[in-house]
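One-letter residues, chain by chain:
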Amino acid sequence: MRKKIALIGGGQIGQILAMIAAQKEMGDIVILDIPDYENPAKGKALDLMEMAPHVNYDANISGTSDYKDIEGSDIVIITAGKPREAGMTREDLLDINIKIITDVANGVKNHAPNAFCLVLTNPLDAMVYVFHKVTGFPKNQVLGMAGTLDTARFRSFLAMELGVSVVDIAGTVLGGHGPTMVPLPRLTTVGGVPLADIADQALIDRVVDRTRNAGTEIVKLFGKGSAFFSPAWSAIVIAESYLKDKRRVLSGAALCEGEYGINGYFIGVPVLISAKGVEKILEISLNDDEKAMLQTTMEKVKQTVAECNI
Ligand code: APR
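In this text the structure is predicted, and so the values were computed from the model without any measurement. (Residues numbered from 1 in each chain as written. Predicted model: local features only at pLDDT ≥ 70, side-chain atom pairs only at ≥ 80, totals over all residues. Heavy atoms only, no water.)

## Remarks on the pairing of strand β14 (residues 277-281)
Step number 1: Bridge analysis of strand β13 (residues 263-274) against β14 gives 4 bridges, and the strand direction is antiparallel. Within the sheet, the bridge partner assigned to L272 lies in β14 and is K280.
Step number 2: In this structure, the hairpin formed by β13 and β14 is closed by a connection of 2 residues. (Pairing = 2+ DSSP bridges. Helix = DSSP H or I, 4+ residues; strand = E, 2+ residues; numbered from the N terminus.)

Shown next, in the form of structure tokens:
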């Protein structure tokens, strides 16, 4: 039997997710969105079905506003919510998106209680916290998608600066999804060569800074709305690791219970994604500077979570 993928939110990110998941034949897809003037989720699903003969995929793709239709989903990917506009921080979305995430969490809890849930809605670390609180799902079943995107951005910027293939750059980004995030150049390699051996500090600082502000750079260019191609692909990478039990080690906002000295908060850490969901959080031996940066980003996440009053 095919896997079932529910996409809650069929906007910019949701529709790209649907297209990639279909092209990769990851399973049958249900796009759930609120009814607008008509029903765009149904329209997008039908459009994707009509694209299938050119791309040769077999998948049932449907649109709905009814949570009953997500029953039996293996994975639920949540992008419901408002994106940023130029001049806004992710935290500015809190009031509006907390209501949406609470609504979505109740729908998923009642209709897909066994699904692995991947949250993309911003402000990410707080929204995944709220989703987890409302659903009460086990911690392995809930992950926030941000670190995989932040790491992709870090790798892309390094490849651009160094003039090497992005494929050969390995590294990770920890922390909250915002300007306090913690890219780890010390542990980054280029085809096995330590980054510090081939890049000067000025280059590294430039890339770290650009990574921390990468979302804002895109929002400024768009004017309205935020990034969608790279967030969608980052979610697909995690979803595939779960659905195919690939056991990839990726960065994601997982519930820490003692790891990195963090207790009771979701924050970006390296996670092993298997058929069990978040099978494990991997701990890195950080140096004092990195520990201090992780502490700063943790304080920021705590502050945003406190504003949720949950
Ligand atoms: N239930 C389901 N869908 C909803 C709900 C809800 N309660 N409220 C809003 N939506 C839908 C909207 O109708 C819209 O189609 O969520 C979709 C969001 O799509 P976009 O506005 O295009 O936003 P997108 O760029 O996809 O970003 C979604 O992810 O990265 C984050 O910051 C981003 O919070 C934003 C989210």
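Still more to cover.
## Observations concerning the site of the ligand
Step number 1: Not every one of the 19 residues close to the ligand is listed here, only the nearest: Q12, I13, D33, T79 and K82.
Step number 2: Here an oxygen atom of the ligand and a backbone polar atom of Q12 are 2.8 Å apart.
Step number 3: Between K82 and the ligand, the recorded distance is 2.8 Å, taken from a backbone N or O atom to an oxygen atom.
Step number 4: Look at the ligand: alone it shows 730 Å² of surface, and the protein chains cover 85% of it.
Step number 5: When residues in the shell around the ligand are grouped by element, the largest group, 3 residues, is from helix α3 (residues 94-111).
Step number 6: Along the lines of polarity and charge, the residues of the shell around the ligand split into 6 nonpolar, 10 polar and 3 charged. (Near = heavy atom within 4 Å. Polar contact = N/O pair within 3.5 Å; in protein donor to acceptor, adjacent residues only side chain to side chain. Areas by Shrake-Rupley, 256 points an atom, 1.4 Å probe, with all protein chains shown as cover. Nonpolar A, V, L, I, M, F, W, Y, C, P; charged D, E, K, R; others polar.)

## Things to note about the pattern of salt bridges
Step number 1: The full count for this structure, using the stated rule, is 8 salt bridges.
Step number 2: The salt bridge partner of R186 is E290, with a shortest N-O separation of 2.8 Å. One end of the pair, R186, is in the loop between β9 (182-183) and β10 (189-190); the other, E290, is in helix α10 (residues 288-307), with 104 residues separating them in the sequence.
Step number 3: Residue R186 is classed as partly exposed on the basis of its relative accessible area of 44%.
Step number 4: Connected through salt bridges with shared partners, the residues K24, E240 and K244 form a single ionic network. (Salt bridge = Lys/Arg side-chain N within 4 Å of Asp/Glu carboxyl O. Buried < 20%, exposed > 50% of the residue type's maximum accessible area, 1.4 Å probe, protein only.)

## A few points about unusual backbone geometry
Step number 1: Cis geometry is adopted by the peptide bond preceding P123, which originates at N122 and carries an omega value of 0°.
Step number 2: The phi torsion at D245 lies on the positive side, around 50°, for a residue other than glycine.
Step number 3: The residue D245 is located in the loop between α9 (229-243) and β12 (248-257) in this model.
Step number 4: You can call D245 partly exposed: its relative accessible area is 38%.
Step number 5: The phi angle at Y260 is positive, at roughly 55°, despite the residue not being glycine.
Step number 6: Counting through the fold element by element, Y260 comes out in the loop between β12 and β13.
Step number 7: Given a relative accessible area of 14%, Y260 falls into the buried group.

## Some remarks on the nonpolar core
Most often, soluble globular proteins keep nonpolar side chains buried together rather than apart.
Step number 1: Counting 90 residues, the largest nonpolar core has V108 and F131 as its most contacted members.
Step number 2: Mapping this core onto the domain boundaries places at least three of its residues in each of domain 1 (4-146) and domain 2 (147-306).
Step number 3: Every residue in contact with V108, bar those within four places of it in the chain, is listed here: Y67, I70, V76, P113, C117, F131 and F137.
Step number 4: Within the second largest apolar cluster, 16 residues are counted, among which are A159, I169, V208 and A214. (Core = buried A, V, L, I, M, F, W, Y, C linked by side-chain atoms within 4.5 Å. Domains from an automatic or database assignment. Contact = heavy atoms within 4.5 Å.)

## Some points on the domain arrangement of the protein
Step number 1: Segmentation of the protein into domains returns domain 1 (4-146) and domain 2 (147-306).
Step number 2: Between the C-alpha centres of domain 1 and domain 2 there is a distance of 22 Å.
Step number 3: Facing the 37 residues of domain 1 at the interface are 49 residues of domain 2.
Step number 4: Per-residue buried area on domain 1 facing domain 2 is highest for R84, D125 and A146; these three make up 17% of the total on that side.
Step number 5: On the surface where domain 1 and domain 2 come into contact, there are 2 salt bridges.
Step number 6: As a salt-bridge pair, K139 and E257 come within 2.8 Å of each other at their nearest N and O atoms.
Step number 7: For the pair domain 1 and domain 2, the number of links is 14 residue pairs in polar contact (both at pLDDT 80 or more). (Buried area = accessible area lost by both parts, 1.4 Å probe.)

## Some thoughts on the packing of aromatic side chains
Step number 1: Scanning the entire structure with this criterion turns up 5 aromatic pairs.
Step number 2: Taken together through their ring pairs, the aromatic side chains of F222, F228 and F229 make up a single cluster. (Phe/Tyr/Trp six-rings, centres within 6.5 Å; stacked < 30°, edge-to-face > 60°.)

## Overview of the environment of Q141
Step number 1: Turning to its location among the elements, Q141 is positioned in the loop between α4 (124-135) and β6 (142-144).
Step number 2: A polar atom in the side chain of Q141 sits 2.7 Å from the backbone oxygen of A115.

## Focus on the sheet that holds β10
Step number 1: The 3 strands are arranged β7-β10-β11 in an open sheet whose pairing can be described as antiparallel. Edge positions in the sheet fall to β7 (169-170) and β11 (193-194), since each has one partner strand and no second.
Step number 2: Two strands pair when backbone bridges link them, and β10 and β11 are joined in this way by 2 bridges, in the antiparallel orientation. Bridge assignment links T189 to a residue of β11, and that residue is P194.

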